Amino acid sequence: MRIGLLTYHWAANYGANLQMYSTYSFLKKSGCNPILINWIPESGKNYYKVVSGLAQLECHHKFFIDRCDTTREFSDVSEYPVILKEYGITHVIVGSDSVLNIIKDRYDWLHLKKIVNTVDHTFPNPFWCDSIDIPHSLLSVSSQNANYRDFAGQRKEIGDALKRFVTITVRDTWTQSMVSFFTDGSITPKITPDPVFGFNENVNDTLTRELIRKKFDLPERYVLFTFNNGRMKAPLKWVYTIKKLFNDKGYSCVYLPRSTDSQELHLDAKIDMPIDPLDWYDIIRYSNGYIGVLMHPIVVCLHNSVPCFSFDHYGNGPILLANKKSSKIYDIMEKADVLSCHYFLRNHLKFPSPYYVYNCIMDFPESKIKLFSSKMQKECTENMSKIVSELKYNKE
C-alpha cells in the first residue's frame, strides 16, 4: 500500500509536526510505504513567515524533509488528484490535527477590516478529499473550536463529503458532534487518541535525557513555562512568586518559547529558538513539570507522566462566556481526570493563585496518569491498525 498522509506537516507548530511524525513512523513500521502529500497553501505559508519568522519555519520544514518521503510541493488544490497519480498513491489518511477546523470569514469591527480565512479553513479544501476517487480516512481529527453550525447552509454538501470517507475517527467530543450534525446522525465517529500518545512506541530517534540536558545546558531539575503574549499573558508578579516557590524546592524555572507569538519570561534559563520539534518533545519529556498554554505540551506531559498545568486559551464564544466544552485541552484533561490542573483563561479575568498552581504540580497524580497514558497508547495503536486494515479491505 502506498499511503499518502495529508495533514499540517508544514506548519510552524510543534504539535502538528509530532502528530504527523508519529503517524508516519507507525505506517512505515507497518510496511505501508507512507509519503507526505506536500500540500502547502500559499496563504498558510505566508502567515507562518510573519508570526514565527523564517528561521523557525525553516526548522519545521527541515524536520519533515530530513525524516520523511514527500511528494513535490504544491499549493494549487487542482493539482491534488494529479499528485496522487504521479506518486502512485493508492490510499489517503487525513490527519491527525485540526483538519476539519472550518471558519467563516468575519468583519473585525475593532480594526474595521474583513478577516478572510486561509484556504485550509474553508470548505471544500484537500483535507475533505472531495475531488479524489481512492479510499481515504480521517484519523483522530479535530475541528478545534469551530463554530460548525455557522455552516448549516452547506449541511448536505459537507455531510456528503464526510460520508465518502472509509473511516472517520475524531479526538474530541466537539468534533464528534460536528460530524454527527453534518451527517444527520448517520455517523457518530469513535473518539480516539491523538497520535502523540503513541509517540514513544512509534518513534525511535529521540535523544536521551543526558544528551538533551547537555545540548540545551539544562539544569538537573527544571519546570517549563510557556505563555502567550497579549491580553492573556502571565502577570510579572505571579511569575516571580511561582518562580520563588520552585526555586526554594531546588527546581530551576525555564522559559520555553512558542513557535509563534510568545511572552518573553525572565526565569532561571531559556531555550533559544529555532527549536527542532523532536528536541522540543524531549525538552518537555524530561522536565519535572510544564505550566502554560497550548495543547501538545499537555499531551506530551500526559504521555510521559510529567506534571502539568494548563492555561487553556481555546474555546469558542465571547470572553467570559466562552464554551470550554469546545476546547481540545479541556476534553483531554477531562478524560485524564486532571481538571484540577486545568484553568480556562477565557472565562476569567485573572490568573489563579501561584500557590495553587505550584501545589498542583507538586501533587500531580503521576501513578494514575501512567495508567491513563498506557491506555491511550494502546488505543492509539489499535486505531491506526484498524484504519490501515479498513483501507486495504476497501481497496480489495
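Our subject in this report is the structure included herewith. (Residues numbered from 1 in each chain as written. Predicted model: local features only at pLDDT ≥ 70, side-chain atom pairs only at ≥ 80, totals over all residues. Heavy atoms only, no water.)

Observations concerning the packing of helix α10 (residues 277–285) against helix α11 (residues 296–303)
Point 1. Relative orientation of the contacting elements α10 and α11 amounts to 55°, with a least axis distance of 9 Å. The orientation of α10 relative to α11 falls into the category oblique. Considering how the two elements wind past one another, α10 and α11 form a crossing that is right-handed. Of the residues in α11, those in contact with Trp280, Tyr281, Ile284 and Arg285 of α10 are His296, Pro297, Val300, Cys301 and His303.
Point 2. Of the residues contributing to the contact of α10 with α11, the split by class is six nonpolar, two polar and one charged. (Axes fitted to C-alpha atoms, helices over the stretch in contact; angles between N-to-C directions. Helix = DSSP H or I, 4+ residues; strand = E, 2+ residues; numbered from the N terminus. Parallel < 35°, antiparallel > 145°, perpendicular 65-115°, else oblique. Left-handed = near helix turned anticlockwise from the far one by under 90°. Contact = heavy atoms within 4.5 Å. Nonpolar A, V, L, I, M, F, W, Y, C, P; charged D, E, K, R; others polar.)

Concerning the pattern of salt bridges
Point 1. Summed over the entire model, instances satisfying the criterion amount to 20 salt bridges.
Point 2. In this structure, Arg72 engages Glu86 in a salt bridge whose closest nitrogen and oxygen atoms are separated by 2.9 Å. Linking Arg72 in the loop between α3 (54–67) and α4 (80–86) with Glu86 in helix α4, this pair joins segments that are 14 residues apart in sequence.
Point 3. The exposure class assigned to Glu86 is partly exposed, which follows from its relative accessible area of 44%.
Point 4. Residues Asp331 and Lys335 are paired through a salt bridge, measuring 2.2 Å at the closest nitrogen-oxygen approach. (Salt bridge = Lys/Arg side-chain N within 4 Å of Asp/Glu carboxyl O. Buried < 20%, exposed > 50% of the residue type's maximum accessible area, 1.4 Å probe, protein only.)

Section: the sheet that holds strand β1 (residues 3–6)
Strand pairing in a sheet takes place through backbone hydrogen bonds and is either antiparallel or parallel in direction.
Point 1. Taken in spatial order, the six strands of this open sheet run β2-β1-β3-β6-β7-β8, and their pairing is parallel. Single-partner strands in this sheet number two, and they are β2 (35–36) and β8 (190–191).
Point 2. Relative to β2, β1 is paired through two bridges, and the arrangement is parallel. Paired with Leu5 across the strands is Leu36, a residue of β2. (Pairing = 2+ DSSP bridges.)

Regarding the pairing of strand β9 (residues 222–226)
Point 1. β9 sits mainly inside the fold: five of its five residues count as buried.
Point 2. Here β9 shows two buried faces, one formed by Tyr222, Leu224 and Thr226 and the other by Val223 and Phe225.
Point 3. In this structure, β9 lies alongside strand β10 (residues 252–255), joined through four bridges in parallel fashion. Its bridge partner lying in β10, Tyr222 is registered against Ser252.
Point 4. Read from β9 through helix α9 (residues 236–248) to β10, the crossover connection turns out right-handed. (Right-handed = clockwise from strand over helix to strand, strands pointing away.)

Description of α9
Point 1. In this model, α9 (13 residues) spans 18 Å end to end at C-alpha, consistent with the 18 Å of a helix rising 1.5 Å per residue.
Point 2. Among the residues making up α9, those that are buried are Trp238, Val239, Thr241, Ile242, Lys243, Leu245 and Phe246.
Point 3. Tucked inside the fold, the buried residues of α9 contact β9, β10, β12 (290–292), β13 (308–312) and α13 (354–362).
Point 4. Within two residues after α9, Gly250 carries a phi angle of roughly 90°, on the positive side. (Expected span 1.5 Å × (residues − 1).)

Let's talk about the nonpolar core
Point 1. Residues Val92, Ile291 and Phe311 are the most contacted members of the largest nonpolar core, which totals 130 residues.
Point 2. The residues contacting Val92, other than those within four sequence positions of it, are Gly4, Leu6, Ile37, Tyr80, Leu84, Cys129, Ile132, Ile134, Pro135, His136, Ser137 and Leu391. (Core = buried A, V, L, I, M, F, W, Y, C linked by side-chain atoms within 4.5 Å.)

Details of the layout of surface pockets
Point 1. Of the pockets and cavities examined, the second largest pocket occupies roughly 200 Å³.
Point 2. As for the second largest pocket, its lining consists of Thr167, Thr169, Lys190, Ile191, Thr192, Pro193, Glu379, Glu382, Asn383, Lys386, Ile387 and Glu390.
Point 3. Looking at the lining of the second largest pocket, the elements that each hand over two or more residues are β7 (167–170), β8 and α14 (366–395).
Point 4. Sorting elements by how many residues they give to the lining of the second largest pocket places α14 first, with six residues. (1 Å grid on protein atoms, 1.4 Å probe; cavity = no way out; pocket = protein on both sides within 12 Å on 5 of 7 lines; lining within 4 Å. Points joined across faces, edges and corners; volume = space filled by probe spheres on them.)

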